[in-house]
Amino acid sequence: VTEADPAVLLAVQDLDTAIDQHRHRRAHLPERAELEAIDTEAVSLRPEVNELTAARAEIDRKHNLLEAELTATEERANSVSKRLYGGEVSASRELQAMVADVESLRARASSLEDQVLALLEEREPLDKRWTELSHRAAALSSRRRQVVEALGVAETVVDGELAELERERAERVVGIPASLLTTYDQLRAHLGGIGAARLVGNHCDGCHLSLAATELDRIRHLPAGEFMSCEQCGRILIRV
Ligand SMILES: [Zn+2]
């Protein structure tokens, strides 16, 4: 029971409610949810990207081996062919062996070329999917930058409003006795942010329960500026 202007405590309660709402809004800005969705999708793309990366690397590895073998085979075929038609070799058995050698090397080269083509075909759908995923990842990353910027702007707006509300609160609490303010803060902490409630008609607007007729009568006869508690919820009850 402390002497003070009840309206001031109610004003502080209203400011505290507004501050709580702003903090809640700041924590639940839609941009935050969108960022989370973007990050979730970006993470979900990774396993497939990793799989594609490994599969493409394996194809490249095989491709390089085939190309190296193809080059070596063609070089050998060319070199045998050059000797064959160079006129240096005249023994027909040797010439026949060289013809067979060139034919076999050319056949080997042709088979290697087929294998290279098969690998390129195998790689084509992987490249297509890789490109799709890269575009999606790039779109997500660009959207993410926009959302981060929009979040920053939204936070700045809420922070400005919060600063204003807190400045107003600091001015208001000056007139409230420290013990009353402590009681109010403790009640607020335990009762969902509402420490001071209005007496509206015959009920407390903190717990919405009606007060007994005798209690109402007692309250009505209390001197102005005297504080009382709601018998039901314990909040500081203020006549308005
Ligand atoms: Zn109550």
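Just so you know, these numbers come straight off a predicted model, no measurement behind them. (Residues numbered from 1 in each chain as written. Predicted model: local features only at pLDDT ≥ 70, side-chain atom pairs only at ≥ 80, totals over all residues. Heavy atoms only, no water.)

1. What about unusual backbone geometry?
Alright, step 1. Backbone geometry at His208 places phi at a positive 65°, although glycine is not the residue there.
Alright, step 2. Inspection of the secondary structure assignment puts His208 in the loop between strand S2 (203-204) and helix H5 (213-220).
Alright, step 3. The class of His208 is exposed, set by a relative accessible area of 58%. (Helix = DSSP H or I, 4+ residues; strand = E, 2+ residues; numbered from the N terminus. Buried < 20%, exposed > 50% of the residue type's maximum accessible area, 1.4 Å probe, protein only.)

2. Considerations on the packing of helix H1 (residues 6-27) against helix H4 (residues 178-190)
Alright, step 1. At a closest axis distance of 12 Å, the pairing of H1 and H4 adopts a crossing angle of 35°. Here H1 and H4 pass one another in a crossing that is right-handed. Residues Leu9, Val12, Gln13, Asp16 and Asp20 of H1 form the contact with H4, whose own contacting residues are Leu180, Tyr184 and Arg188.
Alright, step 2. Considering only residue class, the contact of H1 with H4 consists of 4 nonpolar, 1 polar and 3 charged. (Axes fitted to C-alpha atoms, helices over the stretch in contact; angles between N-to-C directions. Left-handed = near helix turned anticlockwise from the far one by under 90°. Contact = heavy atoms within 4.5 Å. Nonpolar A, V, L, I, M, F, W, Y, C, P; charged D, E, K, R; others polar.)

3. Some thoughts on the packing of aromatic side chains
Alright, step 1. Under the criterion given, the structure shown has 0 aromatic pairs.
Alright, step 2. Positioned above the aromatic ring of Trp130, the side-chain terminus of Arg56 is 4.3 Å from the ring centre. (Phe/Tyr/Trp six-rings, centres within 6.5 Å; stacked < 30°, edge-to-face > 60°. Lys NZ or Arg CZ within 6 Å of the ring centre and 35° of its normal.)

4. Describing the pattern of salt bridges
Alright, step 1. Applying the stated criterion across every chain, the model contains 25 salt bridges.
Alright, step 2. Between Asp16 and Arg169 there is a salt bridge, with the nearest N and O atoms lying 2.5 Å from each other. Placement of the pair is Asp16 in helix H1 and Arg169 in helix H3 (residues 92-173), with a sequence separation of 153 residues.
Alright, step 3. In this structure, Arg26 and Asp159 form a salt bridge, with 2.6 Å as the shortest nitrogen-oxygen distance. (Salt bridge = Lys/Arg side-chain N within 4 Å of Asp/Glu carboxyl O.)

5. As for the coordination of the zinc ion
Alright, step 1. Note on the zinc ion: its protein donors are Cys204 (SG), Cys207 (SG), Cys230 (SG) and Cys233 (SG). The metal-donor distances range over 2.2 to 2.4 Å.
Alright, step 2. Relative to the metal, the 4 donor atoms surrounding the zinc ion lie at angles of 104 to 116°, and the coordination shape comes out tetrahedral. (Donors = N, O, S within 2.8 Å, 3.2 Å for Na, K, Ca; no water. Tetrahedral: all angles 85-135°; square planar, octahedral: opposite > 155°, others 65-115°.)

6. Points about the pairing of strand S1 (residues 196-200)
Alright, step 1. Strand direction decides the pairing type here: S1 and strand S4 (residues 236-239), joined by 4 bridges, are parallel. Looking at the pairing, Arg198 lines up with Ile238 of S4.
Alright, step 2. Pairing of S1 with S2 involves 2 bridges; the strand directions are antiparallel. Paired with Leu199 across the strands is Cys204, a residue of S2.
Alright, step 3. Between S1 and the antiparallel strand that follows it, S2, lie 2 residues; Gly201 among them carries a positive phi value of about 65°. (Pairing = 2+ DSSP bridges.)

7. Concerning a negative patch on the surface
Alright, step 1. On the surface, Glu67, Glu74, Glu75, Glu113 and Asp114 cluster together into a patch of negative charge.
Alright, step 2. Those elements that place two or more of their residues in the negative patch are helix H2 (30-85) and H3.
Alright, step 3. Examining the composition of the negative patch, we find that 3 residues originate from one element, H2, more than from any other.
Alright, step 4. In this fold, Glu75 is placed in helix H2. (Patch = residues over 30% accessible without salt bridge, like charges linked within 9 Å, V, L, I, M, F, W, Y side chains within 5 Å. Areas by Shrake-Rupley, 256 points an atom, 1.4 Å probe, with all protein chains shown as cover. Lys, Arg positive; Asp, Glu negative; His and termini not counted. Charge placed at Lys NZ, Arg CZ, Asp CG, Glu CD.)

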